[in-house]
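Tertiary structure, described
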Amino acid sequence: MTDAIVVGAGHNGLVAAAYLARAGLDVVVLESSPEIGGATRSEEAFPGFRFSVFSYLVSLLRPEVIHELDLVRHGLFLVPTASTLNPLPGGDCLFREADPQRTYRHIARHSRRDAEALFEYKLEMRRMGHLMYRLQRAAPDELAAAIGDRVVESAEHLDVEVSAEVADIARYFLDLPPARLRSFVQMLTMSSADFLGQWFESDVLKSALSSSSIIGSMLSPRTPGSAYVLLHHYMGEVDGVYREWGFQKGGTGAVAATIARAARSHGAEIRTQSPVARVLVSDGRAAGVVLANGDELRAAVVMSSAAPQISLGRLLDPGDIPGGAGLVERAARWQSGGCAGKVNLAISGLPRFECMPEPGPHLSGGITIAPGLDYVDRAYDDAKYGGFSERPFIDMIIPSVLDPDMAPPGKHVLSCFVQYAPYELAAGSWDEGQREAFGDAVVRTLAEYAPGIEDQILHRQVLVPPDIEAIAGIPGGNIFHGELRLSQLFLLRPDPAAAAFRTPLPGYYLCGSSTQFGGGISGGPARLAALRVLDDLRTADTAGGGGGETR
Amino acid sequence: MPRRAPQGTQAVQRALALLRSFTPEAPEHRLSDLAASHGLHPSTAHRLLGVLEAEGLIGRSPDSQAYRWVPGAPGAGDAGPSPRHNGLRPLEPLRTPFHRRTAALCESGAWRDWSGYTCVETYEPTPEREYWAIRNAAGLIDVSPLFKYEITGADAERLLDRLMTRDFSKSRTGRVMYTSWCNEEGHLLQDGNVQRLARERFLVSAAEPCLRWFEDCGWGMDVEVRDVSEEVGVLALQGPRARAIAEAATTGIDFGAMRYFDLAAGEVGPVAGGGPVTVTRTGYTGDLGYEFWVAAEHAEALWDALVEAGQDHGLLPAGLLALDMVRVEAGLVLIDVDYVSASHAEIEVLKVTPAEAGLGFTVKLDKQADFVGRRALELERDRGPAWAMVGLEVDWFELERLWSEIDLRPQIVGQPASREPTPVFAPGGWQVGQCTSRFFSPLLKKYIGLATVHADAAALGTELDVEVSVGYGRRRARARVVRRPFFNPARKTAVDPMPRVDE
């Protein structure tokens, strides 16, 4: 007898399955595509060359998930990417290293004031990261209830039990010094350019730091709200150090494989090529799923890691649930357009950047083409009017430098995350010609900073939002399953009626990136969702119910 | 046109200049090169060199017939006024034969003294990339400061069987043995590797000098112990790509046939003729790896060949900080850090037996030969060792708990291995030992350490407290006794460890 079904074998679906199986449940994961991983996927696209197809670095992966699921034993192997190079026109650059004093020297070339301010900025961002670390440990409804308890002495309407840990987090949040709270509110509302402008004067540094505020988002650094995306990328940590990033040996697909091994070690079953058509409803509760081939699989609990357009749309019959029509309607309006493409290159040798032509540590870090705020803003403008950026923002790593197994000896792979590329082009569809033109724009841009790179290219893989949709199953191809903006966060993610992993359909839960705290290879939403399921099952057991939650 | 024979002071000056060309760093020269570099006609140079050779101030290389530096010859090299004994000059920092190469790459300027040699601590400002290279690609580590003793003669095997706790009657040519050696009380003096190069020729590598001890123990035997420490350079090539790199950088060695602790002789470079090198499948990292033993004059050629071959495999030169991190993961003890050699333990309580230092597996009480310390170790076998070397592990949640008391995430990653001993307690109780090497392994994502504890607190799974610094405070972290090594990849000992390499 299957106790729980998880829809989708992306990293979040697998994390949810692992937690449920670890608690002794009989779990089946149903994945529509032939491969697990979702957007956490690697492939040998060309003989000898391995690419992380979409996602490329790891930082948001929750330490709780790593250690509770014993992921190191199952293959987690994160090589740090310690530096960031921003090549600039004319052979100039901005380089940030692990060593803060050396970074000070690099920044001082552009502004001595900014070099000094960077220490202060990083300190404040570590504090913000620490605040987010706390908030991430609590389901949003619990947290709201706990905060409500303190603020209005009554939060009964939220109908949740608040654990001691959550009460503690609420107290921490409410006791924040005013300056910290101000930073937090600024980060929820401001543009990253304005937010960074409070510290820095140098355009190249502001532009370099604002990169994290646009990743995966149809936003310019000058769009209000982009500061939150910045915060999203500062709450990640590697072993307690905020803002560190790691490269998983073998590519991000190996992260999915690692979590899958953990899930299987607890008895979870993972079935690929098993698309789910809809959630089965019986007596007003979820009772399993109907597969696309018509088969029924019954279970008391169903969790979906898919985006809301699927989880709260396609998989549900609005008539089956109270308020169903409104829910489906809202899910359809969920803001989750794609904005980014991925250009993966196989190259015959290491690129020679005009600013640092020789091989060195800078090639094992991130390399970002974002030479100024105007540059990025113009790239955004292209997409705003339905085109891809002629001179795009590029966030690049060289995986084969971090892990020699990614390419044949002496050869390399380049992973270029590129913005902006809208899901729909004003000038027609993403046909072969448009894809090639987009790939050409990327290579042309790279060649401005690494002359000769165009002659080193052996193979090229160009992926645009419709590919992300088709391969990873994310509607619109938005890597976060929905924009990270205040209107889609906390108790509004992905819907006011389904904000805390539960949905209005008892027994049916959400566990993907579209739930709080959003996207990235974190596993955090899935962990909290699975704990919520287990909690509900326990409550039902003590209440003598028939399995399932009590609402 | 006949040239005038060198005469008078000019001939003396020329002869001295020639003599100064022979240094430990550049010990060998061909006649034609010397003639050219000194502006002499080859026949003049030949006559002058002949005199120097006849006086024993220089020698001839047995293979190439080139002229050769003689250790201790007066006047050789730019010795200046200070006398040279045993090839060593006073007040001069020792340089390994790879020094010119390592110095050119040591961007951080972080050097450390190791047995009098200046060695690179970390090439880059932080050891992070060097550490990961060893685990993910390959690292190249200069370990030349090891002391090396060549033991030759009809009684060479007999001497080793008397010195060492391992059974050398079972040692075979082409194999390396890791062993301990003790004093008469069974107290550990050192641990090290012994290569059997031929039936009557061994090479012992050790962290500390032991010429006198070996000679004294061999009194009356037909055996010669020669200190070759300064003559032999040693490079450790360690990591999953080590085999591919080693193969490309040497000739004449079948790496596919080399098992763990095998040794083989070959030549430096991708084509023959680069000078002889001995390769052992050994290392101090717990990973796949090889150590290269080379005469000082071929050292730079070896370095260059390995670096060249390593370019396509992510090879990085690695310093001692990275080495210390991986050796803790490998659970390997370090003399004078994890145990005190009985040769310089000032008080009795500091002395340990091999078993107490975690090296019980090197003691072969069933061997035929009598060996130094045997009777004491037999007594210990009967009553049991008093101490035990254990692996300790503190898990992530315990670290989180300790640091959350001061509202921080654990501030522990990115620190090199600590060699400051810290106390180990029974849970909430008295001290039962000390943790001597420890660090947070970014690979294993756990805080690990090597500790010496009372034998009754050493069982696997035993819970102990280890003291850690949390901010300015001292806290006790709950640890568990776990199996060593902490990290033990199959490739370390795999029969044919070829990583996946396409093309």
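Residues numbered from 1 in each chain as written. Chains lettered and ligands numbered in written order. Predicted model: local features only at pLDDT ≥ 70, side-chain atom pairs only at ≥ 80, totals over all residues. Heavy atoms only, no water.

Side note on the packing of helix α1 (residues 11-22) of chain A against helix α11 (residues 253-265) of chain A
Residues and elements named next belong to chain A. Selection rule: Lines are fitted to the C-alpha atoms to define the axes, a helix being fitted only along its stretch in contact, and any angle between axes, read from their N-to-C directions, falls within 0 to 180 degrees. Helix and strand assignments follow DSSP, with helices taken as H or I runs no shorter than four residues and strands as E runs no shorter than two, numbered in order from the N terminus. To sort the angles, those under 35 degrees are grouped as roughly parallel, those over 145 as roughly antiparallel, those from 65 to 115 as roughly perpendicular, and the leftovers as oblique. Each crossing gets its hand from how the near helix is turned against the far one by less than a right angle, where anticlockwise is left-handed and clockwise is right-handed. The contact definition used throughout considers only heavy atoms, calling two residues in contact when any of these lie within 4.5 Å. Just so you know the grouping, Ala, Val, Leu, Ile, Met, Phe, Trp, Tyr, Cys and Pro go in nonpolar, Asp, Glu, Lys and Arg go in charged, and all remaining residues, Gly too, go in polar.
Where α1 contacts α11, the axes come no closer than 8 Å and their chain directions differ by 20°. Between α1 and α11, the interaxial angle falls into the category roughly parallel. Taken as a pair, α1 and α11 cross one another with a handedness that is left-handed. Within the contact between the two elements, α1 uses His11, Leu14, Val15, Ala18 and Ala21 and α11 uses Ala256, Ile259, Ala260 and Ala263. Tallied by class, residues from the contact of α1 with α11 come to 8 nonpolar, 1 polar and no charged.

Some words on the sheet that holds strand β13 (residues 250-251) of chain B
Residue and element names in this part refer to chain B. Keep this limit in mind: Any two strands are treated as partners once DSSP identifies two or more bridges connecting them.
Strand order across the open sheet formed by 7 strands is β13-β14-β15-β16-β12-β6-β17, with mixed pairing between neighbours. Every interior strand has two partners, whereas the edge strands, β13 and β17 (315-317), have only one. Two elements, strand β6 (residues 138-142) and strand β12 (residues 232-238), share 4 bridges in a ladder whose sense is antiparallel. Following the sheet pairing, Asp142 is matched in β12 by Leu235.

Considerations on the domain arrangement of chain A
Residues and elements named next belong to chain A. Defined as follows: Note that the domain bounds were set by an automatic or database domain assignment. Two parts placed together each lose some accessible area under a 1.4 Å probe, and adding up what both lose gives the buried area. What makes a salt bridge here is a side-chain nitrogen of Lys or Arg within 4 Å of a carboxyl oxygen of Asp or Glu, nothing more. Polar contacts, as counted here, are pairs of nitrogen or oxygen atoms within 3.5 Å of one another; within protein the pair requires one atom able to donate a hydrogen and one able to accept it, and residues that are adjacent in sequence qualify only if both atoms are side-chain atoms.
Domain boundaries in chain A define domain 1 (2-38 + 58-76 + 250-335 + 481-544), domain 2 (101-228) and domain 3 (336-472). The gap between the C-alpha centroids of domain 1 and domain 2 is 27 Å. Taken residue by residue, the interface counts 17 residues in domain 1 and 19 residues in domain 2. A buried area of about 1600 Å², summed over both sides, lies between domain 1 and domain 2, and 63% of it is on carbon and sulfur atoms. At the surface where domain 1 touches domain 2, the tally comes to 3 salt bridges. Across the pair Arg532 and Glu142 runs a salt bridge, and its minimum N-O distance is 3.5 Å. On the surface where domain 1 and domain 2 come into contact, there are 3 residue pairs in polar contact (both at pLDDT 80 or more). Split into classes, the residues belonging to the side of domain 1 that touches domain 2 amount to 10 nonpolar, 1 polar and 6 charged.

Some words on the sheet that holds strand β19 (residues 422-425) of chain B
All names here are of chain B. Taken in spatial order, the 6 strands close into a barrel running β18-β21-β20-β19-β22-β23, and their pairing is antiparallel. Mean inter-strand twist for the sheet, computed between neighbouring axes without regard to direction, equals 40°. Relative to strand β21 (residues 446-454), strand β20 (residues 431-441) runs antiparallel, the two sharing 8 bridges. Bridge pairing links Cys435 to Ala451 in β21.

Quick notes on the interface of chain A and chain B
Taken together, the contact between chain A and chain B spans 39 residues of the former and 29 residues of the latter. Carbon and sulfur atoms supply 55% of the area that chain A and chain B bury against each other, a total of about 3000 Å² over both sides. On inspection of chain A and its partner chain B, the count reaches 5 salt bridges. On inspection of chain A and its partner chain B, the count reaches 13 residue pairs in polar contact (both at pLDDT 80 or more). Taken together, the elements giving at least two residues each to the side of chain A that touches chain B come down to α2 (63-68), β5 (78-80), α4 (112-135), β8 (237-238) and β9 (241-242) of chain A. Here the side of chain A that touches chain B gets 5 residues from one element, more than from any other, and that element is α2 of chain A. Looking at the side of chain A that touches chain B residue by residue, the class counts come to 19 nonpolar, 7 polar and 13 charged.

A look at helix α16 (residues 432-449) of chain A
An α-helix turns once every 3.6 residues. As a result, residues three or four positions apart point the same way. As a reminder, the rule being used: The span one expects for a helix is its residue count, reduced by one, times 1.5 Å. Three labels apply to residues, based on accessible area from a 1.4 Å probe with only protein chains included: buried if under 20% of the type maximum, exposed if over 50%, partly exposed otherwise in between.
Between its first and last C-alpha, α16 of chain A extends 26 Å over 18 residues, near the 26 Å set by a 1.5 Å rise per residue. Within α16 of chain A, burial applies to Arg435, Phe438, Gly439, Ala441, Val442, Val443, Thr445, Leu446, Ala447 and Tyr449 of chain A.

Quick look at the nonpolar core
Residue and element names in this part refer to chain A. Quick note on the threshold: What is meant by a nonpolar core is a set of buried Ala, Val, Leu, Ile, Met, Phe, Trp, Tyr and Cys residues, joined one to another through side-chain atoms within 4.5 Å.
Counting 102 residues, the largest nonpolar core has Phe438 and Leu446 as the members making the most contacts within it. Contacts of Leu446, omitting those with residues within four sequence positions, involve Leu345, Ile369, Ile394, Met396, Leu414, Cys416 and Ile453. One finds Tyr19, Val301, Leu528 and Leu534 within the second-largest nonpolar core, a separate group that totals 46 residues.

Some words on the pattern of salt bridges
Using the criterion set out here, one finds 75 salt bridges over all chains in the structure. Arg538 of chain A is the partner of Asp535 of chain A in a salt bridge, and the nearest nitrogen-oxygen pair spans 3.7 Å. Residue Asp535 of chain A and its partner Arg538 of chain A are both found in helix α19 (residues 524-542); the two are separated by 3 residues, about one turn of the helix. Taking the relative accessible area as the measure of exposure, Asp535 of chain A reaches 39% and is therefore partly exposed. Notably, a salt bridge pairs Arg196 of chain B with Glu157 of chain B, separated by 3.0 Å at the nearest N-O pair. Of this pair, Arg196 of chain B sits in strand β9 (residues 188-198) while Glu157 of chain B sits in helix α6 (residues 156-163), and the two are 39 residues apart along the sequence. Relative accessible area serves as the criterion here: at 4%, Arg196 of chain B is assigned to the buried category. With relative accessibility at 28%, the residue Glu157 of chain B sits in the partly exposed group.

Let's talk about unusual backbone geometry
A cis amide bond links Gln419 of chain A with the next residue in sequence, Tyr420 of chain A, at an omega value of 10°. Topologically, Tyr420 of chain A is positioned in the loop between β19 (412-419) and α16. Cis geometry marks the peptide bond from Gln516 of chain A to Phe517 of chain A; its omega dihedral reads 0°. Along the chain, the position of Phe517 of chain A falls in the loop between β21 (508-510) and α19. Although it is not a glycine, Ser115 of chain B adopts a positive phi angle of roughly 50°. Inspection of the secondary structure assignment puts Ser115 of chain B in the loop between β4 (110-114) and β5 (117-122). According to the relative accessible area criterion, Ser115 of chain B is partly exposed, its value standing at 30%. Residues other than glycine seldom take positive phi values, yet Lys445 of chain B does so here, at roughly 60°. Mapped onto the secondary structure, Lys445 of chain B falls in the loop between β20 and β21.

Some details on the domain arrangement of chain B
Residues and elements named next belong to chain B. The domain architecture assigned to chain B consists of domain 1 (1-92), domain 2 (99-145 + 235-258 + 274-329), domain 3 (147-228 + 349-368) and domain 4 (384-482). Look at where the C-alpha atoms of domain 2 and domain 3 centre, and you get two points 26 Å apart. Taken together, the contact pairs 8 residues of domain 2 with 9 residues of domain 3. Linking domain 2 with domain 3 are 0 salt bridges. Seen at the junction of domain 2 and domain 3, the total is 2 residue pairs in polar contact (both at pLDDT 80 or more). When contributions to the side of domain 2 that touches domain 3 are tallied by element, the ones reaching two or more residues are β15 (276-280) and β16 (289-295).

Let's talk about the packing of aromatic side chains
Residues and elements named next belong to chain A. To keep it simple, the criterion reads: Aromatic rings from Phe, Tyr and Trp, taking only the six-membered ring of Trp, are treated as a pair when their centres fall within 6.5 Å; an angle between ring planes under 30 degrees marks them as stacked, one over 60 as edge-to-face, and anything in between as tilted. Charge-over-ring contacts are defined here by two conditions on Lys NZ or Arg CZ: a distance within 6 Å of the ring centre and an angle within 35 degrees of the ring normal.
Scanning the entire structure with this criterion turns up 23 aromatic pairs over all chains. The interplanar angle of 25° and the centroid separation of 6.2 Å between the aromatic rings of Tyr104 and Phe119 together place this pair among those described as stacked. With Tyr104 in helix α3 (residues 100-108) and Phe119 in helix α4, this pair connects stretches of sequence that are 15 residues apart. A centroid spacing of 5.9 Å and a plane angle of 25° characterise the contact between Phe388 and Trp430, whose relative ring orientation is stacked. With Phe388 in the loop between α14 (373-384) and β18 (393-397) and Trp430 in the loop between β19 and α16, the pair connects residues that are 42 residues apart, well separated along the chain. Both residues of the pair, Phe388 and Trp430, count as buried. Through a chain of ring-to-ring contacts, the aromatic side chains of Tyr121, Phe195, Trp199, Phe200 and Tyr234 assemble into a single cluster. The ring of Tyr172 carries the charged tip of Arg134 above its face, separated from the ring centre by 4.2 Å.

Focus: a nonpolar patch on the surface
Residues and elements named next belong to chain B. Filter applied, for reference: Within the patch definition used here, like charges are joined within 9 Å and nonpolar side chains (Val, Leu, Ile, Met, Phe, Trp, Tyr) within 5 Å, considering only residues with over 30% relative accessible area and no salt bridge. Accessibility throughout is a Shrake-Rupley quantity obtained with a 1.4 Å probe, and a residue counts as covered only by protein chains that appear here.
A cluster of nonpolar side chains, Ile347, Val349 and Leu350, forms an exposed patch at the surface whose accessible area comes to about 270 Å². Structurally, Leu350 is set in the loop between α10 (320-329) and α11 (374-383). Judged by its relative accessible area of 38%, Leu350 falls in the partly exposed class.

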